[in-house]
Amino acid sequence: MARTDETGQADPQAPASDTAPNPRPATGPGARMPRWLPRSMVLALLLVGVFQLGSWAFHQLLGLLINILIAFFLALAIEPAVSRMAARGMRRGLAAFLVFLGLVVATSGFVTLLGSVLAEQVIKIVEDFPAYLDSVINWVNAHFNTELKRVDVQEGLLRSAWLREYVENSATGVLDVSAQVLGGLFQLLTITLFSFYFAADGPRLRRALCSVLPPAKQAEVLRAWEIAVAKTGGYIHSRGLMALVSGVAHYIMLEALGVPYAPVLAMWVGLVSQFIPTIGTYLAGALPMLIAFTVDPWYALWVLIFVVVYQQFENYLLQPKLTARTVDIHPAVAFGSVIAGTALLGAVGALIAIPAVATLQAFLGAYVKRYDVTDDPRVEGHRPRGPGGGLAGRLRRLPGQKAGEPAMADARDSAS
């Protein structure tokens with residue numbers, strides 16, 4: 001109880017009774033941890049662990065995912081041919097097998113023919129190397145008043161330090177090259193198998209995908225699949241046309257110069273330059289230059305000039321028109337998609353960027369509402385002219401005179 005004075009009133013300075021304590025949070029050593037804090041810490045650690053595990057698994061499986069992506073677009077490219085053969089009564093698996101067999105036979109024949117030509121030309125270059133070296137030495141002696149000899153040049157090359165280092169590095173790099181070749185063959189086999197399964201089991205794959213979606217979403221997925229098949233086929237068609245034009249142009253040039261094996265070299269330039277992105281142009285032009293050098297060194301220079309000029313014609317005139325017509329995207333969008341695909345996935349991204357962007361653009365175009373454009377001259381880039389507008393009207397206008405005053409003055413003169 002509170003203390004009271006002699007008058008019976010409570011003392012205002014008396015301390016508060018123990019029956020009404022002031023609650024304070026427990027902050028001492030014996031304070032208890034909130035119940036939600038341990039659970040939150042465990043959940044946070046679990047999420048971090050799952051994220052790290054997912055990131056590690058994604059980086060480990062990135063090569064496989066890229067191979068599956070390539071196989072999917074390859075299956076989309078050959079699906080029209082497989083579907084036509086299946087519509088005529090052939091089993092879909094057999095149709096896909098025949099299409100792949102034709103591709104493998106054509107590719108193997110072309111590579112074998114090209115390899116034999118290349119080996120023959122390399123042997124010829126090695127046999128004629130002394131004659132080329134003599135001609136170079138004679139030219140240097142005639143223009144620079146030197147007395148070089150082929151024997152001295154050969155001994156200097158054989159005894160040079162860079163040649164020994166090159167031989168040592170080549171010997172140590174044989175295993176690396178073999179491992180890369182085996183890895184490339186395994187990757188090619190993986191892509192072929194997945195693309196065969198995608199093409200042969202296309203209806204089953206679409207049915208399995210649609211079985212987990214509602215009917216409205218099923219129609220959208222099937223429509224997107226159909227657009228992807230059409231756009232990928234159009235892209236392959238445009239690349240085939242450009243390969244044909246490039247092959248014919250380079251065949252005419254090589255035949256005019258008298259370079260041997262002109263048809264095979266023209267096919268090499270057309271196919272490699274179109275279906276190997278980024279570095280395909282350089283690979284395609286290097287082989288004709290090498291074989292032209294065996295005929296005449298100046299012919300190699302003419303081949304280089306023609307390759308550079310034709311690439312400019314193809315990049316700025318032929319490719320934008322064919323790609324925009326068959327894939328139905330703007331040339332600037334096609335060029336930007338190739339750059340973006342190269343930055344994301346390298347050569348693979350450059351190869352599949354255009355059909356992927358064309359598919360996305362065609363699919364999203366169905367959901368964008370469009371309106372009629374007004375008949376305004378500014379749409380065509382023309383500026384509307386008012387009364388007295390234009391350069392001639394401004395020149396006829398007197399200083400300090402408004403646009404309508406000359407017309408009004410002429411009207412008063414005619415009335416008088």
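About the thresholds
- Residues numbered from 1 in each chain as written.
- Predicted model: local features only at pLDDT ≥ 70, side-chain atom pairs only at ≥ 80, totals over all residues.
- Heavy atoms only, no water.
- Axes fitted to C-alpha atoms, helices over the stretch in contact; angles between N-to-C directions.
- Helix = DSSP H or I, 4+ residues; strand = E, 2+ residues; numbered from the N terminus.
- Left-handed = near helix turned anticlockwise from the far one by under 90°.
- Contact = heavy atoms within 4.5 Å.
- Nonpolar A, V, L, I, M, F, W, Y, C, P; charged D, E, K, R; others polar.
- Salt bridge = Lys/Arg side-chain N within 4 Å of Asp/Glu carboxyl O.
- Buried < 20%, exposed > 50% of the residue type's maximum accessible area, 1.4 Å probe, protein only.
- Phe/Tyr/Trp six-rings, centres within 6.5 Å; stacked < 30°, edge-to-face > 60°.

Novice: For this particular structure, what's the right way to read the packing of helix α8 (residues 215-257) against helix α9 (residues 262-275)?
Specialist: For any two helices packed against each other, one specifies the crossing angle of their axes together with the interaxial distance. Relative orientation of the contacting elements α8 and α9 amounts to 145 degrees, with a least axis distance of 7 Å. Both α8 and α9 take part in a crossing whose hand is right-handed. Residues Ile236, Arg239, Gly240, Met242, Ala243, Ser246, Gly247, His250, Tyr251, Leu254 and Glu255 of α8 touch α9, and the partners they reach there are Ala262, Pro263, Leu265, Ala266, Val269, Gly270, Leu271, Ser273, Gln274 and Phe275. Taken together, the residues of the contact of α8 with α9 break down into 12 nonpolar, 7 polar and 2 charged.

Novice: Where do I start with the pattern of salt bridges in this structure?
Specialist: Between side chains of opposite charge, a pair can form when the charged atoms approach closely. Enumeration over the complete set of coordinates arrives at 2 salt bridges. Between glutamate 79 and arginine 92 there is a salt bridge, and its shortest N-O distance comes to 3.5 Å. Of the two residues, glutamate 79 sits in helix α2 (residues 62-87) while arginine 92 sits in helix α3 (residues 92-144), which places them 13 residues apart along the sequence. Just as glutamate 79 is buried, arginine 92 falls in that class too. In this structure, a network of salt bridges that share partners links the residues Glu79, Arg92 and Arg206.

Novice: Could you clarify how one ought to interpret the packing of aromatic side chains in this entry?
Specialist: One pair of aromatic rings is described through two measures. These are the centre distance and the angle between the planes. Going through the model one piece at a time under the given rule, you end up with 9 aromatic pairs. An angle of 80 degrees between the planes, with centres 5.9 Å apart, marks the rings of phenylalanine 72 and phenylalanine 73 as edge-to-face. A centroid spacing of 6.1 Å and a plane angle of 75 degrees characterise the contact between tryptophan 139 and phenylalanine 144, whose relative ring orientation is edge-to-face. A network of ring pairs unites the aromatic residues Phe72, Phe73, Phe194, Phe198 and Trp225 as a single cluster.

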